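Results of the structural survey
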Amino acid sequence: MDEMELKRKKSWVKHYDFILADFIVLQLSHVLANLIRYYSSSYGGLGYAFNLPIYKNEVIFLTVCLVASITFGDPYKNVLKNSKYLEFIKTFKHTIKMAMLNIVIIYFLQLGDDSSRSVVLMTWGIYFILEYIARQIQKTYLRKKIKHYGSRRAMIVYTSSSNVKRVMRNLVTKEYVG
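Rules used throughout
Residues numbered from 1 in each chain as written. Predicted model: local features only at pLDDT ≥ 70, side-chain atom pairs only at ≥ 80, totals over all residues. Heavy atoms only, no water. Patch = residues over 30% accessible without salt bridge, like charges linked within 9 Å, V, L, I, M, F, W, Y side chains within 5 Å. Areas by Shrake-Rupley, 256 points an atom, 1.4 Å probe, with all protein chains shown as cover. Salt bridge = Lys/Arg side-chain N within 4 Å of Asp/Glu carboxyl O. Buried < 20%, exposed > 50% of the residue type's maximum accessible area, 1.4 Å probe, protein only. Phe/Tyr/Trp six-rings, centres within 6.5 Å; stacked < 30°, edge-to-face > 60°. Helix = DSSP H or I, 4+ residues; strand = E, 2+ residues; numbered from the N terminus.

Remarks on a nonpolar patch on the surface
A contiguous nonpolar patch, built from Phe92, Ile96, Met100 and Ile103 and spanning about 370 Å² of accessible area, is present on the exposed surface. A residue is classified by how much of its surface remains accessible, and Ile103, at 41% relative accessible area, is partly exposed.

Details of the packing of aromatic side chains
All chains considered together, the criterion is met by five aromatic pairs. With a centroid separation of 5.5 Å and 85 degrees between ring planes, the pair formed by Phe92 and Phe128 is classed as edge-to-face. Separated by 36 residues along the polypeptide, Phe92 in helix H5 (residues 84–108) and Phe128 in helix H6 (residues 117–149) bring together distant segments of the chain. Judged by its relative accessible area of 43%, Phe92 is partly exposed. Where Tyr107 meets Phe108, the ring centres are 5.4 Å apart and the plane angle is 75 degrees; that geometry is what we call edge-to-face. Of the two residues examined, Tyr107 and Phe108, each falls in the exposed class. Taken together, the ring pairs in this structure connect Phe88, Phe92, Phe128 and Tyr132 into an aromatic cluster.

Right, dumping it as structure tokens:
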């Protein structure tokens, strides 16, 4: 693996907790949208939506949208450094990109007649709200964790005696995380 591949792999692997939260929030949003849309007894109750073939397909489409967004975009860049306003904007853009990809998938697979536009729109609206809240909660938790455990970190440096001064100078003047 070359250096660029390692750097790219590290960029999303280090945010596995945000990725997991995104996945859970996205699936939860879809379930809530279906529950809101098909709750009425005229549609056969709550089980109606979950028995539709499009529901199962949409779960796969949403997962594809999330994986594509993570792979080709960088929705978690500087996630801990972002202000609440900037995080709001980034979450909104991330949601719009995924929603557009979802709509394109539905269009190209010619499933527009089977899918409910209200469920699709509600899914992304609910996702945006829940995702923003989830990110704020995660950021608060991680900042507290970093603050609490940050001073207890240690590093073992293995170097030759001729490089000690240079390595120590680099450690003091640059931030190393790991």
